[in-house]
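A look at the structure
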Amino acid sequence: MAQSMAGPQQSTSSFSQGLRRNGILGAFIIVVVALALTKQQFWSIENITNILQQNSVIGIIACGMTFAIIIGGFDLSVGATAAMASVVCAVVMTTSGQFGVPLGVGAAIAAGIMVGAINGALIAYLRINPFVATLGMMTIIRGLVYVSTNATPVFGVPYEFTNLGLGKIYGAPIVTLIFAAIALLLGAVLQLTRFGHHVYATGGNARATSVMGIDPDRLRFLTYVLVSVCAAISGVLLVGQTASGQPQAAMGYELTAIAAVIVGGASLGGGYGRMFGTVIGVLLLGVVSNGLNLFGVSPFWQPVATGVILILAVGLDRTRRD
Amino acid sequence: MQNWLDKTIHRRRLLRQTMMALLAGSALAATGSAMAAELTCPAAAQEATVADIAPANKRIAVSVAYLKVPFYANFKLGLEDGAKQFGFTYDLFDGNSGDLATELANLQNFAAQKYDLVLLTPSGEGILPGIKQLNEAGIPVIEVNNKAGFGRDDVDVVTYVGADDVEFGRLQTDLVSAHFGGNPVKVAYVMGPLSTPAQVLRARGWDVGRGEHPEIEEIARVSDDFDSAKALAVVQDLLSRFPKGQIDAIVMQGPEGAAAVDYALRIGRDDVVFFAGDYPADVRQLIYDGKIAGTVNQNPYPQAYHAMEMAYDYLMGKEADIKRPYFLPLPLITQENAESVPPAWGC
């Protein structure tokens, strides 16, 4: 009997320990339960899949941003890179005939790699502060996109391509499956590979890691390439959602992505953060936004409510950790 | 070894079959929702050149608050054509997405550089001190597309050339009412970026129109920031919030709803009728396909062109020819006339 009681007690205690360890997960669960209890439509399959779909694009950017933040930097050019990738993808798709789709996707990813390489070189080898380097790249990229498109969206993307952005497989949005795959893959890279461990080490103490024989510059370079590739993938998915390349797309995504990573428990000082936390951070932001819309909160009040909820959630998490 | 090879070949075959099935599924889905017919995409109509006009040979400065918004692509073409026609050289400046400090700096520079005239698309009334500075410098100001100082006593603005955004919002209620035959209709209203002139004035007109059409019941008011991805998210949430029977229409201030309309049709919400604002190429196609019920066409090209014309009349002393204000028509577009009216931009 004693043995049979130990099971549930242990599982309850490990659950509460888990919650204590993942405070933001607790906050997320509280928000979800509160919404589920107070708004019937929240719990519908349609609404849940909507939330997942709406936040997958920003989620992929946040996955990349997690690496940048853990290594002790961040990337303000991700929104511009996503917009550029969407325009490059749309232009190539609409001008390359029957192979337009694979060529468009490939060109967008290549553009992302190029931006990441420039960011990485500026930060790792020219020692330019990540804020300055990526802010500069953000404005350069946006400017080039406006120049090349005359600030006009690129229409004419094959309609079938919207299946990528709006379609579902067995009820799950395809963009969410891609987000999940990327989060799992990058989470595994972060936790299980030498590269991931070195990212943590460099973010924690770059000088010490370099004494250990690790090349922090190379790591930073690769990290910024990775961030930009994630942004480029998001740009391609935006084309899948809107059937067009939008020069003004992803405006402000950089701050939302950074917020999601920080809400997920990462430290802006570097050396700390988890992919699981980032995913929860993204979903928490998405659920709050969805809840406010379902309750019909005025758009004037929505930013206030979002800010208050985020500060409460992160504040509780930090208090618990302290 | 042979066993391993067989397994590998089997796995590859399975993978290839899965990929083929996915591709076939995608193609089927696409065929099922394919558009009836793709419209050709003619460029927006341009003003005809008039031969016997003496060139003004003056220098104009143009400041546009939201130059990077797609709407202004054809606006720039209108400026170009107007300048050519009336003999102006002009310099075009961006207001950095409605950043008042940038707009004010633009106007201060115009005063310092002694331009002959300023064409101004302001972000709002915060620009009034800048207009006052231009007045003090003796530089005439004409407002285009958005207005802030025209009609006020404290600043001097020659005229306003553009659409009446209040009328724009009111006309959207006419569209809705006509579509539903004057019957009661529950509508969600999707606005642009909060506090911008387009959002504020179109919403004001929408409210005026709802007074004239009491059958239109507004059940929700949200914002999509004139962003396609956000428009999709906002519409998804509206459709979750209002199941079938609780909402009849979604009216958008802007033209960013293409993906949202597509989504609604994908999930079988053809009970909701969509109305857009403005008339780019993709909205035209969706109206032609019957997926959007209608829009109000605000064309940026003639606004810019006629602003140049008004500048010409003012600088050449033809004050009697100046229209104050110069409101351009806001034609309603529905499936009936979408094919014959070229889009305002996007081709």
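Let me begin by describing the structure that accompanies this report. (Residues numbered from 1 in each chain as written. Chains lettered and ligands numbered in written order. Predicted model: local features only at pLDDT ≥ 70, side-chain atom pairs only at ≥ 80, totals over all residues. Heavy atoms only, no water.)

1. Re the packing of helix α8 (residues 174-192) of chain A against helix α11 (residues 216-242) of chain A
Residue and element names in this part refer to chain A.
- Look at α8 against α11: their axes get within 11 Å of each other, and the N-to-C directions meet at 170°. Classified by the angle their axes make, α8 and α11 are roughly antiparallel. Counted together, Val175, Ile178, Ile182 and Leu186 of α8 and Leu226, Cys230, Ile233, Leu237 and Gln241 of α11 form the full contact between these two elements.
- Among the residues forming the contact of α8 with α11, the class breakdown is eight nonpolar, one polar and no charged. (Axes fitted to C-alpha atoms, helices over the stretch in contact; angles between N-to-C directions. Helix = DSSP H or I, 4+ residues; strand = E, 2+ residues; numbered from the N terminus. Parallel < 35°, antiparallel > 145°, perpendicular 65-115°, else oblique. Contact = heavy atoms within 4.5 Å. Nonpolar A, V, L, I, M, F, W, Y, C, P; charged D, E, K, R; others polar.)

2. What about the pattern of salt bridges?
- All chains considered together, the criterion is met by 20 salt bridges over all chains.
- When the shortest N-O distance is used, the salt bridge between Arg127(A) and Asp217(A) registers 2.9 Å. Placement of Arg127(A) in the loop between α5 (100-125) and α6 (130-149) and of Asp217(A) in helix α11 is noted, with a sequence separation of 90 residues between them.
- Here Arg127(A) falls in the exposed class, since its relative accessible area comes to 56%.
- Notably, a salt bridge pairs Arg266(B) with Asp262(B), separated by 3.4 Å at the nearest N-O pair. Within this pair, Arg266(B) and its partner Asp262(B) are both found in helix α8 (residues 258-266), separated by four residues, close to a single helical turn.
- In the salt-bridge network here, residues are joined through shared partners; they are Glu167(B), Arg170(B), Asp174(B) and Glu212(B). (Salt bridge = Lys/Arg side-chain N within 4 Å of Asp/Glu carboxyl O. Buried < 20%, exposed > 50% of the residue type's maximum accessible area, 1.4 Å probe, protein only.)

3. As for the sheet that holds strand β3 (residues 117-121) of chain B
Residue and element names in this part refer to chain B.
- Taken together, six strands build an open sheet; the order of strands is β2-β1-β3-β4-β5-β11 and the sheet is parallel. Sheet topology places β2 (88-94) and β11 (326-327) at the edges, where each strand pairs with a single neighbour.
- The sheet contacts of helix α2 (residues 73-86) involve β1 (58-64), β2, β3 and β4 (141-144), and relative to β2 the element is tilted by about 160°. (Pairing = 2+ DSSP bridges.)

4. What to know about empty space enclosed by the protein
All names here are of chain B.
- If you walk through the whole model with that rule in mind, you get one cavity of 30 Å³ or more.
- Each pocket or cavity is described by its volume, and for the largest cavity that value is around 30 Å³.
- Lining the largest cavity are Met252, Pro255, Gly257, Ala258, Val261, Phe274, Phe275, Ala276, Val283 and Ile292.
- Counting only elements with at least two residues in the lining of the largest cavity, the list comes to α8 and β9 (273-275).
- Considered class by class, the residues forming the lining of the largest cavity number nine nonpolar, one polar and no charged. (1 Å grid on protein atoms, 1.4 Å probe; cavity = no way out; pocket = protein on both sides within 12 Å on 5 of 7 lines; lining within 4 Å. Points joined across faces, edges and corners; volume = space filled by probe spheres on them.)

5. Regarding the pairing of strand β7 (residues 216-223) of chain B
- Inspection of the sheet shows strand β6 (residues 185-191) of chain B paired to β7(B) by seven bridges, in the parallel sense. From the neighbouring strand, Val190(B) faces β7(B), where its bridge partner is Val222(B).

6. Here we look at the interface of chain A and chain B
- Listed per partner, the contact involves 35 residues of chain A and 36 residues of chain B.
- Buried area between chain A and chain B, both sides added, is near 3100 Å², and the carbon and sulfur share of it is 55%.
- If you sort the residues of chain A by the area they bury against chain B, Phe155(A), Tyr159(A) and Leu166(A) come out on top, with a joint share of 21%.
- Inspection of the region where chain A meets chain B yields zero salt bridges.
- Across the chain A-chain B interface, the total number found is 18 residue pairs in polar contact (both at pLDDT 80 or more).
- Contributing elements (two or more residues each) for the side of chain A that touches chain B: α3 (45-70), α7 (162-166), α11 and α13 (275-294) of chain A.
- Per-element tally for the side of chain A that touches chain B: the top contributor is α3(A), with five residues.
- For the side of chain A that touches chain B, the class distribution of residues is 15 nonpolar, 18 polar and two charged. (Buried area = accessible area lost by both parts, 1.4 Å probe. Polar contact = N/O pair within 3.5 Å; in protein donor to acceptor, adjacent residues only side chain to side chain.)

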